[in-house]
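Geometric and topological summary
The lines below spell out each chain.
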Amino acid sequence: MVFKKDGYFVKGETIIKRGENIYYAEKSSFTSCDTPIPAWCFKSDTADIDTNDKIVAKGVTFNVNDTPILYTPVFQAGLQRKTGFLMPTYGYKKGLGTYVNVPFYYVISENRDMTAVVDTYTKRGIGEGLEYRYIEKDNITGSWFIYHISDRVLKEDFLQVRGEHKQFLENFYTNFNVHYLNNENYYKYFTPSIQLNVSRFLQSTGDVGYATDKARAYMLSEYWVDLKYYTRNVSEKLPEIGFTVHPTEFLQSTPLRTSLFAMETSVSNFISEQSVKGRRYDFYPKVFYSFGDNLRFTQSAGVRSTFYDVYLTREPDSENSYKNTALTYSGSLDTTLVKNYGYITHVFQPSLSYNYASSGLDNLTTVTYTPASNWLNTVNKFTLDSTEYFRRTSTAELSLMNYLRDERGTFLYAKLSEGYDTSLVTNRLQPLMFQLGLARPLEVKAEALYDLNTDKFEGINSEVTFKFKPFNTILNFAERYNKEMNIMYLTNVVGFNITSKLRAQTMTWYDASLNRLGYFGLKLTYTQQCWGTGLLFSQSSNQFGVYLTVELKGVGKYEILGSGQSGM
């Protein structure tokens, strides 16, 4: 007997009807694969089936082309969104031991649900996690996850909290993004993610505000966790209250109808366990004016006033007050020249600009302190956020921008720019910047900074991508170089179809400044009409792993096996 309900085909040697929509089956199989000969199915000793609810089976094997691959004593497949256990994950990681992940899905209401999970690591301990998700009226969405594990080897408790909450009304908005760890080594031991393994900081933010097309009032908080140096030298912004006036026309009844006014003002409170603590007041009104058609002239002028009341956390008696007021001005003169060459159009945009700030914040100092080793050049200075990069300047810049376009759009652009800063005593000639972009027949993005004073490159960022229709092939090569921060990364991605159903992709990340492999990953993906599987091998500087996932039509995607070595 065969029947279908909610995308599932179910059959069995013996099927007994026990009520309306209620069945009991022995030696049964069920699948959502709708091919004439199903490519996969679950086979069970017994199964209780409610065609309006779920299938609960015992003694279950997962079969591919009639070959058993996995076994589980109990398996539940929801035919609707129902509470129950999800497919478990298991594997082995050197340093962690054999592990089993058992998730439980709970439906709270139509717009809320949660998943509880228990992880058992034979060498380290038991972890518990809970994820809560919701969608509410008034454009409210959110997802929150908390995970704890007590590591009996390290004799430490690891706690992770991740969450996101968003709400957007007509003018009011809230946006919270939380990423907290009580121990910076958590990702070193318990995740295979390359992005998290190489991240310098984790950031948590909270932003609440009221915005219109003319202004915005907000309250912002930022919290950072240093994953690289494990220092407490970061100054957290808790909170900042600000008011912004967007560029708005004024003097409409005069010939200066193109005049605009804008303003930024904020009060920020900073805390830190080891570094600078205090408050900053920032007030920055600006006016804009432009005129011209073929030859355009745009300029702005403003007054920026910043006040500080700060002290070193370890020395609360070291309170210092600073103030800085700067006059700012910027002006640019540019035009656009167009020349047609048959199927190709050349667009040339020369621009001459000037930027001036009478004084800056780059020389602010506080009581002398010596940060932890490797901290980036902060001795005798304090940097609270990007505001402190505002510096005294008087720079003229010439830039030449070129575009080549055809009937399909822009396929090539190149920009060359050079600045000259008269506010400096030496090395007034600024780094020569070159930018290049190519869209066809291959994709190229490149940027280089060349210091004419030292005849050396200060920074290089480049990326080249080849795409070939045969085998759906993608080749990507990229590099990032920054002399000041001692960064030199090389990355490579290769992807191609081995067959029409099997695809391979590799990713390599190499830290040339440290002369070591940062990450290597090889992923094989096999897809069929109603199922697919993926195999990932990953190797980073502190761990390696093998991970197997299976995606079944109508059932979902599961990681069913993980094996590797932790960073111990």
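Since we're looking at a predicted model, the values are computed, not measured.

About the cut-offs
- Residues numbered from 1 in each chain as written.
- Predicted model: local features only at pLDDT ≥ 70, side-chain atom pairs only at ≥ 80, totals over all residues.
- Heavy atoms only, no water.
- Helix = DSSP H or I, 4+ residues; strand = E, 2+ residues; numbered from the N terminus.
- Buried < 20%, exposed > 50% of the residue type's maximum accessible area, 1.4 Å probe, protein only.
- Areas by Shrake-Rupley, 256 points an atom, 1.4 Å probe, with all protein chains shown as cover.
- Pairing = 2+ DSSP bridges.
- Phe/Tyr/Trp six-rings, centres within 6.5 Å; stacked < 30°, edge-to-face > 60°.
- Lys NZ or Arg CZ within 6 Å of the ring centre and 35° of its normal.
- Core = buried A, V, L, I, M, F, W, Y, C linked by side-chain atoms within 4.5 Å.
- Disulfide = S-S within 2.5 Å.
- pLDDT = per-residue confidence, 0-100.
- Contact = heavy atoms within 4.5 Å.
- Salt bridge = Lys/Arg side-chain N within 4 Å of Asp/Glu carboxyl O.

**Quick notes on the overall build of the chain**
Helices and strands together make up the secondary structure of the chain, namely two helices and 35 strands. Counting the 568 residues in the chain, one finds 37% classified as buried. With an accessible surface of roughly 31600 Å², the chain has 57% of that area assigned to carbon and sulfur atoms.

**Remarks on the pairing of strand E28 (residues 456-468)**
As paired elements, strand E27 (residues 443-451) and E28 share nine bridges and run antiparallel to each other. Residue Tyr-450 lies in a different strand from E28, and its bridge partner there is Phe-457. Here E27 folds back onto E28 in antiparallel fashion, the turn holding four residues, of which Asp-455 has a positive phi close to 55 degrees. With antiparallel pairing between neighbouring strands as the criterion, E28 and strand E29 (residues 473-482) make up a hairpin whose turn holds four residues, including Phe-471 at a positive phi of roughly 60 degrees.

**A few points about the packing of aromatic side chains**
Overall, the coordinates contain 14 aromatic pairs when judged by the stated rule. Consider the rings of Trp-40 and Phe-42, whose centres lie 5.7 Å apart with planes at 85 degrees: the pair is edge-to-face. The pair Trp-40 / Phe-42 is uniform in exposure class, with both members buried. One residue, Arg-18, lies across the ring of Tyr-24, its end atom 4.2 Å from the ring centre. Note that Arg-304 overlies the ring of Phe-390, its terminal NZ or CZ placed 4.8 Å from the centroid.

**Comments concerning the nonpolar core**
In this structure, Phe-30, Trp-40, Phe-42, Ile-55 and Phe-62 are the most contacted members of the largest nonpolar core, which totals 24 residues. Listed by contribution, the elements that provide at least two residues to this core are strand E2 (8-19), strand E3 (22-31), strand E4 (40-50), strand E5 (54-64), strand E6 (67-78) and strand E34 (544-552). Among the nonpolar cores identified, the runner-up in size contains 15 residues, and Tyr-99, Tyr-147, Leu-181 and Leu-202 belong to it.

**Quick notes on the state of the cysteines**
Evaluated as defined, the whole model comprises one disulfide. Here Cys-33 engages in a disulfide with Cys-530; their sulfurs sit 1.9 Å apart. Here the S-S torsion is close to -55 degrees, and the disulfide linking Cys-33 with Cys-530 is therefore left-handed. Taken together, the positions of Cys-33 in the loop between E3 and E4 and Cys-530 in the loop between strand E32 (516-527) and strand E33 (531-540) put the pair 497 residues apart, joining distant regions of the chain. Considering cysteine sulfurs only, Cys-33 is the nearest to Cys-41, which forms no disulfide, with 9.5 Å between them.

**Digging into the confidence of the model for the chain**
Caution applies to low-pLDDT parts of the model: their predicted coordinates are not meant to be read in detail. Of the residues in the chain, 86% have a pLDDT of 70 or more, and the chain-wide mean is 84. Between the elements of the chain, mean pLDDT differs from a low of 48, seen in strand E1 (residues 2-5), to a high of 96, seen in strand E23 (residues 344-357).

**Some words on the pairing of strand E12 (residues 140-151)**
Where strand E11 (residues 125-136) lies against E12, ten bridges are found, and the strand directions are antiparallel. Residue pairing for E12: Ile-135 is matched across the bridge by Thr-141. Hairpin remark: E11 followed by E12, antiparallel, with three residues in the connecting loop; positive phi at Asp-138, about 65 degrees. Pairing of E12 with strand E13 (residues 156-168) involves twelve bridges; the strand directions are antiparallel. Along E13, the bridge assignment pairs Thr-141 with Lys-166. The turn linking E12 back onto E13 is made up of four residues, and Lys-155 within it adopts a positive phi angle of 55 degrees.

**Thoughts on the environment of Ser-143**
Turning to its location among the elements, Ser-143 is positioned in strand E12. C-alpha separation for the pair Ser-143 and Asp-113, spaced 30 residues apart in sequence, amounts to 9.8 Å. Excluding its chain neighbours within four sequence positions, the residues that come into contact with Ser-143 are Glu-131, Tyr-132, Arg-133, Tyr-134, Arg-162, Gly-163 and Glu-164.

**Regarding the pattern of salt bridges**
Applying the stated criterion to the full structure yields 20 salt bridges. In this structure, Asp-45 and Lys-27 form a salt bridge, with 3.9 Å as the shortest nitrogen-oxygen distance. Highlighted residues: Asp-45 in strand E4 and Lys-27 in strand E3, separated in sequence by 18 residues. What makes Asp-45 partly exposed here is its relative accessible area of 41%. Between Asp-66 and Lys-43 there is a salt bridge, with its nearest N and O atoms 3.0 Å apart. A residue pair is termed long-range when its members are at least 10 positions apart, and Asp-66 in the loop between E5 and E6 and Lys-43 in strand E4 qualify at 23 residues.

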